[in-house]
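Single-letter residue listing:
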Amino acid sequence: MQLKLSASKFPIAPLLLIAPFFLWGTAMVAMKGVIPHTTPFFMAGVRLLPAGVLILIAAALSGRPQPNSWQGWLWIALFGLVDGTLFQGFLAEGLVRTSAGLGSVMIDSQPLAVALLSLWLFQERIGLWGWLGLGLGVTGISLIGLPDEWIFSLLGTGAEVTIGNWQNLFASGEWLMLLAALSMAVGTVLIRFVTRYVDPVTATGWHMIIGGLPLWGISAVVESQQWENLVGSEWLALAYATVFGSAIAYGLFFYFASSGSLTSLSSLTFLTPIFALLFGHLLLSEVLSTLQWVGVFLTLISIYLINQRDNLAGQNKKSVMEEISAKSQPILAEATTKKLNPLAVKVRESEPETLP
């Protein structure tokens, strides 16, 4: 993993790195039964505001500093607007208007945007293996989330697909999911600028509160019966999504995003639909198709390629240098075994000149 984590300091670092995406995936499963009985902006606010308070309490107990400059508060406000209000608002509204599978594909394609922004702003090296991994990742989550008949139609197998599906693909909430993915990508990059002035964990807590307040304000104005239809089990699902799927997951994610490779960390987002799919299969008896299993396999390969891209490129470079060295050694050996032929130089003795 190309993140600045030491195995000696963090013996469970791999588990901590995967934890946000595991929690996001399982939170999606927990939220499936809640979405029809609540409203999108209220639900988005529930996922942000209480989680932000919990993060700030944890930050205070661990002695992390609070923002102490106007630059820090400005960056937190921008961070909260983009990654809080816009991302969660677009996501919640998009989930209501689109299918869960297609929405998951679109929202989890944001590592591509993160890679491009990181290349532009921080000159992060992606390389051939990195781009190949990103391509495989998008292909994998497409196989996981898109309907099989769409994929068969694209492959030209003759499967019948109603034309209306394609015409209405972006007529409902899909564009909102794309905006949500872009907002999350920008928010992931913004954490680098925020942490120049504020502790990353503290900034995460404040940005969730600042980003969640407008969502509850919008909900109070345009929505009604936000919680009247919720039962006990659904409140528990909301609590899980808030504590584990938001507070812990976002706290870990933005802590890791404050240093190391953003491209490598963001690529782990491809794990989110895998966890959602697997736990949907285990807990909700959802059936995985053959194409979805292929998508899981491609996604895992993509994560490996992205996170090992420098090592793979280094091995290739090393093998090329060894090949060049192996070819040059016989030539050098032949040159050293040959004796230099003596070169005879004739020197003509000049006549002495007589001065007048």
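Residues numbered from 1 in each chain as written. Predicted model: local features only at pLDDT ≥ 70, side-chain atom pairs only at ≥ 80, totals over all residues. Heavy atoms only, no water.

Visitor: What am I meant to see in the overall build of the protein chain here?
Guide: Helices and strands together make up the secondary structure of the protein chain, namely 15 helices and 0 strands. For the protein chain, the proportion of its 356 residues judged to be buried stands at 47%. (Helix = DSSP H or I, 4+ residues; strand = E, 2+ residues; numbered from the N terminus. Buried < 20%, exposed > 50% of the residue type's maximum accessible area, 1.4 Å probe, protein only.)

Visitor: I keep staring at the packing of helix α2 (residues 40–61) against helix α11 (residues 232–257) and nothing clicks. Help me out?
Guide: A packed helix pair is summarised by two numbers, namely the angle formed by the two axes and the spacing between the axes. The N-to-C vectors of α2 and α11 enclose an angle of 55 degrees; their axes lie 8 Å apart at closest approach. Between α2 and α11, the angle falls in the class oblique. Relative to α11, the crossing made by α2 is right-handed. For the pair α2 and α11, the contacting residues are Phe42, Met43, Val46, Arg47, Pro50, Ala51, Leu54 and Ile55 in the first and Trp235, Leu238, Ala241, Thr242, Val243, Gly245, Ser246, Ala247 and Gly251 in the second. (Axes fitted to C-alpha atoms, helices over the stretch in contact; angles between N-to-C directions. Parallel < 35°, antiparallel > 145°, perpendicular 65-115°, else oblique. Left-handed = near helix turned anticlockwise from the far one by under 90°. Contact = heavy atoms within 4.5 Å.)

Visitor: Explanation requested: unusual backbone geometry in the structure shown.
Guide: Both trends apply: most residues other than glycine have a negative phi, and most peptide bonds are in trans. If you check the backbone angles, Gln225 has positive phi at about 50 degrees while not being a glycine. Note on placement: Gln225 falls in the loop between α10 (200–222) and α11.

Visitor: Which parts of the structure should I look at to understand the packing of aromatic side chains?
Guide: The geometry of an aromatic ring pair comes down to the distance between the two centres and the angle between the two planes. Within the structure shown, the criterion is met by 14 aromatic pairs. Between the aromatic rings of Phe21 and Trp24, the centroid separation amounts to 5.5 Å while the plane-to-plane angle is 80 degrees, which identifies the pairing as edge-to-face. Linking Phe21 with Trp24, this pair stays in helix α1 (residues 13–31), spanning 3 residues, or about one helical turn. Just as Phe21 is buried, Trp24 falls in that class too. (Phe/Tyr/Trp six-rings, centres within 6.5 Å; stacked < 30°, edge-to-face > 60°.)

Visitor: What exactly am I supposed to notice about the side chain of Arg192 here?
Guide: Here Arg192 is to be found in helix α9 (residues 174–194). The exposure class of Arg192 is buried, given its relative accessible area of 14%. Among the polar contacts made by the side chain of Arg192, one reaches the main-chain carbonyl oxygen of Ala257 at a distance of 3.0 Å. With near-sequence residues (within four places) excluded, Arg192 lies in contact with Phe122, Glu124, Ala257, Ser258, Ser259, Gly260, Ser261 and Leu262. (Polar contact = N/O pair within 3.5 Å; in protein donor to acceptor, adjacent residues only side chain to side chain.)

Visitor: I tried to follow the environment of Gly94 on my own but got confused; where do I start?
Guide: Residue position: Gly94 is located in helix α3 (residues 70–97). A relative accessible area of 0% places Gly94 in the buried class. Between the C-alpha atoms of Gly94 and Leu176, which are 82 residues apart in sequence, the distance is 5.2 Å.

Visitor: Teacher, can you tell me more about the pattern of salt bridges here?
Guide: Once their charged atoms are close, side chains differing in charge can pair, the charge on each being opposite to the other. All told, the structure shown has 1 salt bridge when counted by the stated rule. Linking Asp199 and Arg64 is a salt bridge whose minimum nitrogen-to-oxygen distance equals 2.7 Å. Of the two residues, Asp199 is situated in the loop between α9 and α10 and Arg64 in the loop between α2 and α3; the sequence distance between them amounts to 135 residues. (Salt bridge = Lys/Arg side-chain N within 4 Å of Asp/Glu carboxyl O.)

Visitor: Would you mind going over the confidence of the model for the protein chain with me for this structure?
Guide: Any residue range with low pLDDT should be treated as having predicted coordinates unsuitable for detailed reading. For the protein chain, the mean per-residue pLDDT works out to 78, and 76% of the residues sit at or above 70. When the elements of the protein chain are averaged for pLDDT, helix α8 (residues 163–167) gives the smallest value, 48, and α10 the largest, 94. In this model residues 1–8 is a low-confidence stretch, pLDDT under 50, and it forms 26 contacts with partners more than four residues away in sequence or in other chains. (pLDDT = per-residue confidence, 0-100.)

Visitor: When you look at a nonpolar patch on the surface in this model, what are you seeing that I'm missing?
Guide: Residues Val53, Leu54, Ile57, Leu61, Val243, Phe244 and Ile248 make up a contiguous nonpolar surface patch of roughly 590 Å² in combined accessible area. If you list the elements that add at least two residues to the nonpolar patch, you get α2 and α11. Ranked by residue count, the leading element in the nonpolar patch is α2, at 4 residues. With respect to the helices, strands and loops of the structure, Phe244 is situated in helix α11. (Patch = residues over 30% accessible without salt bridge, like charges linked within 9 Å, V, L, I, M, F, W, Y side chains within 5 Å. Areas by Shrake-Rupley, 256 points an atom, 1.4 Å probe, with all protein chains shown as cover.)

Visitor: Could you clarify how one ought to interpret the side chain of Thr202 in this entry?
Guide: Along the chain, Thr202 falls in helix α10. A relative accessible area of 0% places Thr202 in the buried class. Of the polar contacts made by the side chain of Thr202, one reaches the backbone oxygen of Pro65; its length is 3.1 Å. Setting aside chain neighbours within four positions, we find Thr202 in contact with Leu56, Ala59, Arg64, Pro65, Gln66 and Pro67.

Visitor: What's the story with helix α5 (residues 110–122) in this structure? I'm lost.
Guide: Residues spaced three or four apart along an α-helix point in a common direction, a consequence of the helix completing one turn every 3.6 residues. The end-to-end C-alpha distance of α5 is 17 Å, a good match for the 18 Å that 13 residues give at a rise of 1.5 Å each. Within the span of α5, buried status applies to Gln110, Pro111, Val114, Ala115 and Ser118. Projected down its long axis, α5 shows its buried positions confined to an angular sector of 145 degrees, all on one face. Positive phi shows up at Gln123, right after α5, with a value of about 55 degrees. (Expected span 1.5 Å × (residues − 1). Arc of directions from axis to C-beta.)

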